[in-house]
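Per-entry structural report
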Amino acid sequence: MYTKEQSPIFHQLKSLFDLLYLRLCRFADLLISDSAIAEDIVQEVFIQYARQKQTITDYPAIKTLLYTMVKSACRQQEQHTETALLKAEVWGEIYGAIAALPENCQQVFRLGFIEGEQNDTIASRLNISMDAVMLQKSRAMELLRLKLTSETFLALYLVCL
């Protein structure tokens, strides 16, 4: 029985890693422009490949497969980054619009929708009536609807439900 380091498969994978790692890292870095993430992607690709394969036989095919796996992982990373950027922009627009609300509306909106406080708790905390809380919430939503794009307001509305 072989130890992990004595296994022929281990030696084949290590040779493949030694031969292609830097090339794949550079390839990934060119695709996503972040060398640290590129290295993580390439390492993860090698781990995925090692889990799939039992023996290494056709170097050109394996090389092509690894490049394809890296390219796919980079695309997924880009989609994740674009999604995060889009969310940050939407929330930036929302928080800017909330900051522009009149002070009472802003206070009630933050307590009710962002902090999740119940109307009676907000009324008690701000020493106002329940009717005033509901009116301020309604007024805040109407002002935000007018300030935000319809898509951004819809995102806010869905979060606030």
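Since this is a predicted model, take the numbers as computed values, not measurements. (Residues numbered from 1 in each chain as written. Predicted model: local features only at pLDDT ≥ 70, side-chain atom pairs only at ≥ 80, totals over all residues. Heavy atoms only, no water.)

Following the criterion strictly, the structure yields six aromatic pairs and no others. Pairing F27 with Y67 gives two aromatic rings, centres 5.1 Å apart and planes at 70 degrees, and the pair type is edge-to-face. Of this pair, F27 sits in helix α1 (residues 8-32) while Y67 sits in helix α3 (residues 59-99), and the two are 40 residues apart along the sequence. Given the relative accessible area of 23%, F27 is considered partly exposed. Cluster of aromatic residues (ring-pair linked, three or more members): F17, Y21 and F46. Just above the ring of F113 sits the side chain of K137; from NZ or CZ to the centre is 5.0 Å. (Phe/Tyr/Trp six-rings, centres within 6.5 Å; stacked < 30°, edge-to-face > 60°. Helix = DSSP H or I, 4+ residues; strand = E, 2+ residues; numbered from the N terminus. Buried < 20%, exposed > 50% of the residue type's maximum accessible area, 1.4 Å probe, protein only. Lys NZ or Arg CZ within 6 Å of the ring centre and 35° of its normal.)

A separate point is a nonpolar patch on the surface. On the surface, a nonpolar cluster with roughly 350 Å² of combined accessible area is contributed by W91, Y95, I114 and V159. Considering the arrangement of structural elements, one finds W91 in helix α3. Using a relative accessible area of 31% as the deciding quantity, one classes W91 as partly exposed. (Patch = residues over 30% accessible without salt bridge, like charges linked within 9 Å, V, L, I, M, F, W, Y side chains within 5 Å. Areas by Shrake-Rupley, 256 points an atom, 1.4 Å probe, with all protein chains shown as cover. Salt bridge = Lys/Arg side-chain N within 4 Å of Asp/Glu carboxyl O.)

Another point: the environment of R110. The residue R110 is located in helix α4 (residues 103-114) in this model. Classification of R110 by relative accessible area gives partly exposed; the value is 28%. For the pair R110 and I98, spaced 12 residues apart in sequence, the C-alpha to C-alpha distance is 8.2 Å. Residue contacts for R110: discarding those within four places in its chain leaves Y95, I98, A99 and E115. (Contact = heavy atoms within 4.5 Å.)

Right, let's talk about the packing of α1 against helix α2 (residues 35-52) for a bit. Between α1 and α2, whose axes approach to 8 Å, the crossing angle comes to 140 degrees. Considering the angle they form, α1 stands oblique to α2. Pair α1 / α2 crosses with right-handed handedness. Of the residues in α2, those touching α1 at L13, L16, F17, L20, Y21, L24, C25, A28, D29 and I32 are S35, I37, A38, E39, I41, V42, Q43, F46, Y49 and A50. Residue composition of the contact of α1 with α2, by class: 16 nonpolar, two polar and two charged. (Axes fitted to C-alpha atoms, helices over the stretch in contact; angles between N-to-C directions. Parallel < 35°, antiparallel > 145°, perpendicular 65-115°, else oblique. Left-handed = near helix turned anticlockwise from the far one by under 90°. Nonpolar A, V, L, I, M, F, W, Y, C, P; charged D, E, K, R; others polar.)

Don't take any of this as a statement about function, it's just geometry.
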